[in-house]
Amino acid sequence: MTDTPDSPKAPRRRPQQRKQVLLRLDPSVYEALARWAGDELRSANAQIEFLLRKALAEAGRLPRDTGPLPRRGRPPGDSASGPPSP
């Protein structure tokens with residue numbers, strides 16, 4: 001008998017984790033990047049990923065199976081969980 005994904009014996013697949021990369025930047029480049037990120041309401045890390053994805057797409061090198069940029073910040077709430085109306 002073979003294991004199926006619903007079988008209790010089947011190994012569970014862990015969600016794909018985001019890769020961590022150490023990046024060394026000139027301090028003035030980082031400051032300019034951080035200001036730009038702030039102007040667009042992103043973290044410096046999110047700005048770097050945004051720019052890398054854009055460059056890869058323009059060069060035709062962005063893999064087809066690349067998912068969308070993760071949404072950051074507070075998840076959108078429904079009206080029931082928001083502050084009460086006056």
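Chains are numbered independently. Their residues run from 1 in the order of the written sequence. It should be noted that, the model being predicted, local features are given only for residues of pLDDT at least 70 and side-chain atom pairs only at 80 or more, the latter also being counted only at that level, while totals for whole chains, interfaces and linings use all residues. With hydrogens and water excluded, all non-hydrogen atoms of the structure serve as input to the side-chain values.

(A) The arrangement of the packing of helix H1 (residues 27-39) against helix H2 (residues 44-58) in detail. Under this scheme, a helix contributes an axis fitted over its contacting stretch, all axes are lines through C-alpha atoms, and angles between N-to-C directions fall in the 0 to 180 degree range. A helix here means a DSSP run of H or I that spans at least four residues, while a strand means a run of E at least two residues long, and both kinds are numbered starting from the N terminus. Between H1 and H2, the shortest axis-to-axis distance is 8 Å and the interhelical angle comes to 90°. Considering the angle they form, H1 stands roughly perpendicular to H2. Residues Tyr 30, Leu 33, Trp 36 and Ala 37 of H1 touch H2, and the partners they reach there are Ala 44, Gln 47, Ile 48 and Leu 51. Basically, the charged four are Asp, Glu, Lys and Arg, the nonpolar ten are Ala, Val, Leu, Ile, Met, Phe, Trp, Tyr, Cys and Pro, and anything else, Gly included, counts as polar. Among the residues making up the contact of H1 with H2, the classes are represented as 7 nonpolar, 1 polar and no charged. In what follows, roughly perpendicular refers to angles from 65 to 115 degrees, roughly parallel to angles under 35, roughly antiparallel to angles over 145, and oblique to any angle outside these ranges. Two residues qualify as a contact provided that any one of their heavy atoms is within 4.5 Å of a heavy atom in the partner residue.

(B) Here's a closer look at the layout of surface pockets. Considering only enclosed or pocket space, the largest pocket measures out at about 750 Å³ in volume. A cavity, in this analysis, means grid points on a 1 Å lattice covering only the protein atoms where a 1.4 Å probe fits yet has no way out; a pocket is instead an open set bounded by protein on both sides within 12 Å along at least five of seven lines, and a residue lines either one if it has an atom within 4 Å of a point. Looking at the largest pocket, it is lined by 18 residues, and the ones nearest its centre are Arg 18, Lys 19, Val 21, Glu 49 and Arg 53. Here the residues of the lining of the largest pocket are counted per class, giving 7 nonpolar, 6 polar and 5 charged. Grid points are joined across faces, edges and corners, and a volume is the space filled by probe spheres set on the points.

(C) Summary view of the packing of aromatic side chains. Ring geometry is summarised as follows: Phe, Tyr and Trp rings, the Trp one being its six-membered ring, pair when their centres sit within 6.5 Å, and such pairs are stacked at plane angles under 30 degrees, edge-to-face over 60 and tilted between the two. Under the counting rule described, the total for this entry stands at 0 aromatic pairs. Seen from the ring of Phe 50, Arg 42 lies directly overhead, with NZ or CZ sitting 3.9 Å from the centre. Here, a charge over a ring means that NZ of Lys or CZ of Arg falls within 6 Å of the ring centre while also lying within 35 degrees of the ring normal.

(D) Representation of a nonpolar patch on the surface in the model. For patch building, the residue pool is restricted to those with more than 30% relative accessible area and no salt bridge; the joining distance is 9 Å between like charges and 5 Å between nonpolar side chains (Val, Leu, Ile, Met, Phe, Trp, Tyr). Note on areas: these come from Shrake-Rupley sampling with a 1.4 Å probe, and a residue is covered only by the protein chains present in the view. Here, a salt bridge means any side-chain nitrogen of Lys or Arg that lies within 4 Å of a carboxyl oxygen of Asp or Glu. Taken together, Leu 23, Leu 25, Val 29 and Tyr 30 make up a surface patch of nonpolar side chains, about 350 Å² in accessible area. Inspection of the secondary structure puts Leu 25 in the segment before H1.

(E) Structural detail: unusual backbone geometry. We note that Leu 41 has phi near 55°; this positive angle belongs to a residue other than glycine. If you trace the backbone, Leu 41 turns up in the loop between H1 and H2.

(F) A look at the side chain of Gln 47. Note that Gln 47 resides in helix H2. Leave out the neighbours within four places in its chain, and Gln 47 touches Leu 33, Trp 36, Ala 37, Glu 40 and Arg 42.

Geometric descriptors of this kind do not, in isolation, establish any biological role.
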